[in-house]
Amino acid sequence: EDKVVQSPLSLVVHEGDTVTLNCSYEVTNFRSLLWYKQEKKAPTFLFMLTSSGIEKKSGRLSSILDKKELSSILNITATQTGDSAIYLCAAGVHTGNQFYFGTGTSLTVIP
Amino acid sequence: DTGVSQDPRHKITKRGQNVTFRCDPISEHNRLYWYRQTLGQGPEFLTYFQNEAQLEKSRLLSDRFSAERPKGSFSTLEIQRTEQGDSAMYLCATLTRATNEKLFFGSGTQLSVL
């Protein structure tokens, strides 16, 4: 059965801290790994990763894929209260153009 | 702006009523997905269209659920005889080669069944 597991389930940090969110996947015919941020509404796209070892970066957020370990991490440096959200990862597969989502990591950043 | 709009944003209905949601992607978004998300869970796949063809349906999609995408443009998701367990956020997402195969979501429809 195809599945995506995220850890930790929730995290509380102080402003300025650096956090690392984990995503592992077990899917057949893997194509891509996507990260989303969700703040009480629909998920907004952050990154799509298809190649191992190549870091994608956007401001204080960065992400990398490890196809050997079937995992990805999302790093957020110098966290701000506006980073408080649920972070979702999804594994895309070639078969049927499907995407399988994890349950998300709930991040709370305290001032 | 993801180029995907959903209507309505919120819907409150009584158990047993029928509801219909609409998703409007911009014209070149040839692949369209419906997902359902409940509190504390990630989005769960419901169904998928390639242009007007419905190519895949989840086992979650009982016979009370039906989706259409006439002419490969907008899509509708109808739930008949709603149950309290249908309360969830219903998300439409699209994917196109123009966005390099990234999945973009609409704003969602929050359904509450009383």
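Refer to the preceding data block for the structure.
Model, not experiment: these values are computed from the prediction. (Residues numbered from 1 in each chain as written. Chains lettered and ligands numbered in written order. Predicted model: local features only at pLDDT ≥ 70, side-chain atom pairs only at ≥ 80, totals over all residues. Heavy atoms only, no water.)

A.B. asks: Help me understand the overall build of chain A in this model?
C.D. replies: Summing up its helical and strand segments, chain A has 0 helices and 11 strands in all. Scanning chain A from its N terminus toward the C terminus, one meets helices and strands in the order β-β-β-β-β-β-β-β-β-β-β. Whereas a compact globule of 111 residues would reach a radius of gyration of roughly 13 Å, chain A reaches 13 Å, a difference of no more than 12%. Expressed as lengths along the three principal axes of its C-alpha atoms, the size of chain A is roughly 45 × 25 × 20 Å. Counting across all 111 residues of chain A, residues that qualify as buried make up 44%. (Helix = DSSP H or I, 4+ residues; strand = E, 2+ residues; numbered from the N terminus. Rg over C-alpha atoms; globule rule 2.2 N^0.38 Å. Buried < 20%, exposed > 50% of the residue type's maximum accessible area, 1.4 Å probe, protein only.)

A.B. asks: Even after reading the chapter, I still don't get the state of the cysteines, so can you show me in this structure?
C.D. replies: In protein chemistry, a disulfide is the covalent bond that joins the sulfur atoms of two cysteines. Residue and element names in this part refer to chain A. Counted according to the given criterion, the structure contains 2 disulfides over all chains. Disulfide pairing places Cys 23 opposite Cys 89 at an S-S distance of 1.9 Å. On the sign convention where negative is left-handed, the bridge of Cys 23 and Cys 89, at about 75° about the S-S bond, is right-handed. Taken together, the positions of Cys 23 in strand 3 (residues 19-26) and Cys 89 in strand 9 (residues 85-93) put the pair 66 residues apart, joining distant regions of the chain. (Disulfide = S-S within 2.5 Å.)

A.B. asks: What's the story with the sheet that holds strand 6 (residues 56-58) of chain A in this structure? I'm lost.
C.D. replies: Hydrogen bonds along the backbone pair up the strands of a sheet, which may run parallel or antiparallel. All names here are of chain A. Spatially, 5 strands are ordered 1-3-8-7-6 in an open sheet, and the strand pairing comes out antiparallel. The open sheet is flanked by strand 1 (3-7) and strand 6, the only strands paired with a single partner. Strand-to-strand, the axes of this sheet are offset by a mean angle of 15°, without reference to chain direction. As judged from the 3 bridges shared by strand 6 and strand 7 (residues 61-66), these two strands associate in the antiparallel manner. Among the inter-strand pairings, Ser 58 is bridged to a residue of strand 7, identified as Leu 61. (Pairing = 2+ DSSP bridges. Axes fitted to C-alpha atoms, helices over the stretch in contact; angles between N-to-C directions.)

A.B. asks: Teacher, can you tell me more about the interface of chain B and chain A here?
C.D. replies: Quite often, the size of an interface is put as the accessible area lost when its parts meet. If you look at the interface, chain B gives 23 residues, while chain A gives 17 residues. When chain B packs against chain A, close to 1600 Å² is buried across both sides, 59% of that on carbon and sulfur atoms. Inspection of the region where chain B meets chain A yields 0 salt bridges. Where chain B meets chain A, there are 3 residue pairs in polar contact (both at pLDDT 80 or more). Only strand 4 (31-37), strand 5 (44-50), strand 9 (88-95) and strand 10 (103-105) of chain B provide two or more residues apiece to the side of chain B that touches chain A. Broken down by class, the residue content of the side of chain B that touches chain A amounts to 11 nonpolar, 8 polar and 4 charged. (Contact = heavy atoms within 4.5 Å. Buried area = accessible area lost by both parts, 1.4 Å probe. Salt bridge = Lys/Arg side-chain N within 4 Å of Asp/Glu carboxyl O. Polar contact = N/O pair within 3.5 Å; in protein donor to acceptor, adjacent residues only side chain to side chain. Nonpolar A, V, L, I, M, F, W, Y, C, P; charged D, E, K, R; others polar.)

A.B. asks: What should I look at first to understand the packing of aromatic side chains in this one?
C.D. replies: The description of two aromatic rings rests on the distance between their centres and on the angle between their planes. In total, this model carries 13 aromatic pairs over all chains according to the counting rule given. Centroid distance A:Phe99 to B:Tyr33: 5.8 Å. Interplanar angle 75°. Geometry classified as edge-to-face. Within this pair, whereas A:Phe99 is found in strand 10 (residues 99-101), its partner B:Tyr33 is found in strand 4, the two belonging to separate chains. Both residues of the pair, A:Phe99 and B:Tyr33, count as buried. Taken together, a centroid distance of 5.5 Å and an interplanar angle of 80° make the contact between A:Phe101 and B:Tyr35 edge-to-face. Taken together, the residues span two chains, with A:Phe101 in strand 10 and B:Tyr35 in strand 4. Judged on exposure class, the residue A:Phe101 and its partner B:Tyr35 are both buried. (Phe/Tyr/Trp six-rings, centres within 6.5 Å; stacked < 30°, edge-to-face > 60°.)

It is worth stressing that arrangement in space is one thing and function is another; only the former is reported here.
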